[in-house]
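Each chain is listed here by its residues.
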Amino acid sequence: MRAALVLAAAAVVLTGCAKAEAPTATANPADAQAQQQVVKSPSAPAGGGCTIAQHGSPKFDLKSAVVGFSQSEKEANPFRIAETKSIKDEAAKLGIANLKVTNAQSQFSKQISDVQQLIAQGAQLLVIAPLNSDGWEPVLQQAAAKKVPIITIDRKINARHCADYVTFIGSDFTEQGRRAADQMIEALGGKGKVAILLGAPGNNVTTERTNGFKEQIAAKAPDIEITFEQTGEFTREKGQQVTEQLIQSNPDIDGIYAENDEMALGAVTALKGAGKKPGDVKIVSIDGTRGAVQGIVDGWIYAVIESNPRFGQLAFATAQKFLDGEPIPEKVIIEDREYDSANAKDSLGQAY
Ligand code: GZL
């Protein structure tokens, strides 16, 4: 049942229909809601998508294939832990016995060499969670020479659809920024001074989350002023450090937009250290980790926009459709849920 549902979802995605709701059954009912992936596909690209014939990859049986998964950041961040688990769990469910997993420990040069090694070890399919959007040429050339298909998840790479990568599966990060802005506008009643804890530079996630937030604030809340922005590099330690500086330089700050939960939780630690009380500064964040959703329950965080890391089912279903000769769209967008004071307590189980 589940496999059929997931493939059905992928089929809907692959044929470019507007939207599919594919509640996928899972072994663990508690995960059922969390793993429900609502996928919608933008209109299929003019070329009708990427087929295995166009790509040039040989056909192979996914179950007996060597599959390489390249994770980007160290697994201190629950987003990364959940993402890697999702890939491993789905590979196990599908009986893919030869999954090779690497972790670049947040070092881009290591991620490049990790993937080059996976190719040298005979990977027939690569699933990559890219740390950066640029600098992939050496890997792309090596993969193309061996006709190894690449599926990118989570972040985009600046490369050619089909010639370099089969598809990108991830969230609409600009929309996440807009939704975070809507929550911040509500939290501040439409006016006040806001700081942005920017994500790490060099990837589309930071760029799009920032642009989406700023566009929405400009369009909907002219009385909200963005008076501070600095990267917290998506880490808790840096998020705390930057917020400690922020409190000193901008003691009248009303709100903090953290571009991921790890930085938001670092900010909470800094606010506590400065003697602030829950709600003194309104924090809106993105990811949907358990710690941040608990922060809503405790009053320290106002709202969290989910960035769904559970790519496993869709990544392998999309790979199978590719191997079956179906055209694969340039991107497959997963919809994200939202947490606020109204649902946080009851939804903790869906957080990761
Ligand atoms: C989003 C992902 C981001 C997460 C952060 O898809 O790339 O990177 O939101 C992580 O937690 O650092």
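Residues numbered from 1 in each chain as written. Predicted model: local features only at pLDDT ≥ 70, side-chain atom pairs only at ≥ 80, totals over all residues. Heavy atoms only, no water.

Now, about the packing of aromatic side chains: what can you tell me, with residues and values included?
What the rule picks out here adds up to 3 aromatic pairs. Ring centres 6.2 Å apart and planes at 70° place the aromatic pair Phe79 and Tyr352 in the edge-to-face group. Here the residue Phe79 occupies a position in helix α4 (residues 78-94), and Tyr352 occupies one in the segment after α13 (344-347), the gap between them amounting to 273 residues. Summarising the burial analysis for this pair, Phe79 and Tyr352 share the class buried. Arranged with centres 4.0 Å apart and planes meeting at 10°, the rings of Phe213 and Tyr257 form a pair that is stacked. Here Phe213, found in helix α8 (residues 204-220), pairs with Tyr257, found in strand β10 (residues 255-258); they are 44 residues apart in sequence, far enough to count as distant. Note on accessibility: Phe213 and Tyr257 belong to one class, buried. (Phe/Tyr/Trp six-rings, centres within 6.5 Å; stacked < 30°, edge-to-face > 60°. Helix = DSSP H or I, 4+ residues; strand = E, 2+ residues; numbered from the N terminus. Buried < 20%, exposed > 50% of the residue type's maximum accessible area, 1.4 Å probe, protein only.)

Can you break down the site of the ligand residue by residue, with the values?
Close contacts around the ligand come from 13 residues, with Glu73, Asn77, Asp154, Arg155 and Asp287 the closest. Between Asp287 and the ligand, the recorded distance is 2.5 Å, taken from a side-chain N or O atom to an oxygen atom. Taken by itself the ligand offers 320 Å² of open surface, and the protein chains cover 99% of this. In a pocket analysis with a 2 Å cut-off to the grid points, the ligand is assigned to the largest cavity. Elements with a minimum of two residues in the shell around the ligand: α4 and α8. (Near = heavy atom within 4 Å. Polar contact = N/O pair within 3.5 Å; in protein donor to acceptor, adjacent residues only side chain to side chain. Areas by Shrake-Rupley, 256 points an atom, 1.4 Å probe, with all protein chains shown as cover. 1 Å grid on protein atoms, 1.4 Å probe; cavity = no way out; pocket = protein on both sides within 12 Å on 5 of 7 lines; lining within 4 Å. Sits in = over half its atoms within 2 Å of the grid points.)

Which residues make up the state of the cysteines, and what values go with them?
Inspection of the entire model under this criterion finds 1 disulfide. Across a sulfur-sulfur distance of 2.0 Å, Cys50 and Cys162 are joined as a disulfide pair. On the S-S bond that ties Cys50 to Cys162, the torsion sits near 75°, and the link is right-handed. In this pair, Cys50 sits in the loop between β2 (37-40) and α3 (52-55) while Cys162 sits in the loop between β6 (150-153) and β7 (167-170), placing the two residues 112 residues apart along the sequence. Across the pair, exposure class does not vary: Cys50 and Cys162 are buried alike. (Disulfide = S-S within 2.5 Å.)

How would you summarise empty space enclosed by the protein if you had to cite specific residues and measurements?
Taken as a whole, this structure holds 2 cavities of 30 Å³ or more when the rule is applied. In this structure, the largest cavity occupies an estimated 130 Å³ of space. Lining the largest cavity are 16 residues, with Phe79, Arg80, Arg155, Arg209 and Asp287 positioned closest to its centre. Of all the elements in the fold, those that place two or more residues in the lining of the largest cavity are α4 and α8. Grouping the amino acids of the lining of the largest cavity by side-chain chemistry returns 5 nonpolar, 5 polar and 6 charged. The residue makeup of the lining of the largest cavity includes at least three contributed by each of domain 1 (29-171 + 308-350) and domain 2 (173-306). When its volume is computed, the second largest cavity comes out at roughly 30 Å³. Taken together, His55, Leu140, Ala143, Ala144, Lys147, Val148, Ile150, Ala163 and Asp164 make up the lining of the second largest cavity. No other element matches the 3 residues that helix α6 (residues 137-145) contributes to the lining of the second largest cavity. (Points joined across faces, edges and corners; volume = space filled by probe spheres on them. Nonpolar A, V, L, I, M, F, W, Y, C, P; charged D, E, K, R; others polar. Domains from an automatic or database assignment.)

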